[in-house]
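Each chain, letter by letter, is given below.
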Amino acid sequence: MNIMNSVIIIFLMMGTGFFFAKKNILDEKVNTVFGKLLINLTLPSTVMVAFVERFTKKDLINSIYKLGVCYLVMFSLMILGLIFVKIFKIEEKRQSALVNMTMFANTLFIGLPVNSTLFGEESIPYLFIFWFASFSTFWTLGIYNFVGNKQSFSIMEGLKKMITPPLIAFALSIIFIIFGIKLPEAIQITLTKFGAMTTPISMLFLGTVIYELDFKNIKFNRDVYLVLISRFLLAPVVTILIITIAGQVIDINSIARKVFIVTASLPIMTNLAIISKYYKKDHEFTALMVGVTTMLSIITIPIHAYVLELIY
């Protein structure tokens, strides 16, 4: 499937969600159900099938190096965010939010359907490698960015938050690969069918989110432009540089490179709006930027995908 067809498929699925939301077929209650299905059923199913059926012990060992590259991307983006905060003298209540918005993309809800549609099912294991680096960094460094030294910060509390169905499936997959355990055929087929629901549900969900955006409240100022530049331009550029340098030392295949770069350039992680509200760190601005970057991803995703086709 060429890149143009993949982009058209993404637009059609998101457009269906948008249309159904406009016709009140999809609403907030349905989206809540979609979210629970994704986290508790379809995503864990996708993880199990993607790793156990496609990865070997050798692949697993090689993935350790790729995971290290993903962590390096996360730390580099954090440094970039901190530099932005200092250079542009961002107001204090917005500083931690801006750093985190530079670091964390919507890896699963948008990343999985986008990558699987653009690059095929073989891209999924590499997506979850990037997701693990982002997920673990978010619940440790990301939360610390919000808390800082003014409030108590518990690493154990952050680690507890990481125990989710996708992470459990990720851990089980690694155990299965290490011990050479194969999924029974009936279970493998069942998980495959559940996993196949992930992309359409995610895209319908995204379409409804875009429909619900209040465009009247979007006012473009310096801070908005900083977030857009860091998320859609600098994040992929930094990732390309790190992958290029790391690629001189370790083997990073073409699919892994594309997945890491596209995922790093996706819209802001939805959880940031929730966590910023909890810690009272300008959650209105964060929620606005989650919406704006999600909306603009309709334009940026095909651009990034096309550029990657030219590079790799």
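Residues numbered from 1 in each chain as written. Predicted model: local features only at pLDDT ≥ 70, side-chain atom pairs only at ≥ 80, totals over all residues. Heavy atoms only, no water.

This paragraph deals with the overall build of the protein. Helix and strand counts for the protein stand at 14 helices and zero strands. Going from the N terminus to the C terminus, the protein shows its helices and strands as α-α-α-α-α-α-α-α-α-α-α-α-α-α. Taking 312 residues into account, the globule formula puts the C-alpha radius of gyration at 20 Å, and the protein, at 19 Å, falls close to it. In terms of its C-alpha atoms, the protein occupies a principal-axis envelope of roughly 55 × 50 × 40 Å. (Helix = DSSP H or I, 4+ residues; strand = E, 2+ residues; numbered from the N terminus. Rg over C-alpha atoms; globule rule 2.2 N^0.38 Å.)

What follows covers the packing of helix 5 (residues 111–119) against helix 12 (residues 254–264). Axis separation between helix 5 and helix 12 bottoms out at 10 Å; the angle between their running directions is 145°. In the crossing of helix 5 with helix 12, the sense of the turn from one axis to the other is right-handed. Contact with helix 5, carried on its side by Val 114, Asn 115 and Phe 119, involves Ile 255, Lys 258, Val 259, Val 262 and Thr 263 of helix 12 and no other residues of that element. Of the residues belonging to the contact of helix 5 with helix 12, the class tally is five nonpolar, two polar and one charged. (Axes fitted to C-alpha atoms, helices over the stretch in contact; angles between N-to-C directions. Left-handed = near helix turned anticlockwise from the far one by under 90°. Contact = heavy atoms within 4.5 Å. Nonpolar A, V, L, I, M, F, W, Y, C, P; charged D, E, K, R; others polar.)

Counted according to the given criterion, the structure contains three salt bridges. For Arg 222, the salt bridge identified is with Asp 223, shortest N-O distance 3.0 Å. With a relative accessible area of 42%, Arg 222 lands in the partly exposed category. According to the relative accessible area criterion, Asp 223 is buried, its value standing at 8%. Of the charged contacts, one joins Glu 309 and Lys 258 as a salt bridge, the two residues approaching to 3.1 Å between their closest N and O atoms. Placement of the pair is Glu 309 in helix 14 (residues 283–311) and Lys 258 in helix 12, with a sequence separation of 51 residues. Shared partners join several salt bridges into a network, and the residues in it are Arg 94, Arg 222 and Asp 223. (Salt bridge = Lys/Arg side-chain N within 4 Å of Asp/Glu carboxyl O. Buried < 20%, exposed > 50% of the residue type's maximum accessible area, 1.4 Å probe, protein only.)

It is the contact of helix 2 (residues 28–54) with helix 9 (residues 185–195), at a shortest axis distance of 7 Å, that shows an interaxial angle of 125°. Considering the angle they form, helix 2 stands oblique to helix 9. Handedness of the crossing formed by helix 2 with helix 9: left-handed. Between helix 2 and helix 9, the residues in contact are Leu 41, Thr 42, Ser 45, Thr 46, Met 48, Val 49 and Glu 53 and Gln 188, Leu 191, Thr 192, Phe 194 and Gly 195, respectively. (Parallel < 35°, antiparallel > 145°, perpendicular 65-115°, else oblique.)

Looking at where Asp 223 falls in the secondary structure, it is placed in helix 11 (residues 222–246). Along the primary structure Asp 223 and Phe 84 are separated by 139 residues, whereas in three dimensions their C-alpha atoms are 9.9 Å apart. In this structure Asp 223 touches Ile 90, Arg 94 and Phe 285, once residues within four positions along its chain are discounted. One polar contact links Asp 223 to Arg 94, side chain to side chain, over a distance of 2.8 Å. (Polar contact = N/O pair within 3.5 Å; in protein donor to acceptor, adjacent residues only side chain to side chain.)

Within helix 5, nine of the nine residues are buried, which leaves it mostly tucked inside the rest of the structure. Taken as a whole, helix 5 has its buried residues at Gly 111, Leu 112, Pro 113, Val 114, Asn 115, Ser 116, Thr 117, Leu 118 and Phe 119. At its buried positions, helix 5 is contacted by helix 1 (3–22), helix 2, helix 6 (124–147), helix 10 (198–211), helix 12 and helix 14. Trailing helix 5 by a residue or two, Gly 120 shows a phi angle of about 90°, which is positive.

Formed by 101 residues in total, the largest nonpolar core has its most connected members in Leu 118, Phe 128, Phe 260 and Met 289. When residues of this core are assigned to their parent elements, the largest contribution, 15 residues, is made by helix 6. In this view, Met 289 contacts Met 101, Val 224, Val 227, Leu 228 and Ile 268; residues no more than four positions away in its chain are not counted. (Core = buried A, V, L, I, M, F, W, Y, C linked by side-chain atoms within 4.5 Å.)

We now examine the side chain of Asn 31. The topology assignment puts Asn 31 in helix 2. For Asn 31, a relative accessible area of 8% gives the class buried. A polar side-chain atom of Asn 31 sits 2.7 Å from a polar atom in the side chain of Thr 208. Those residues in contact with Asn 31 that sit more than four places away from it in its chain are Phe 205, Thr 208 and Glu 212.

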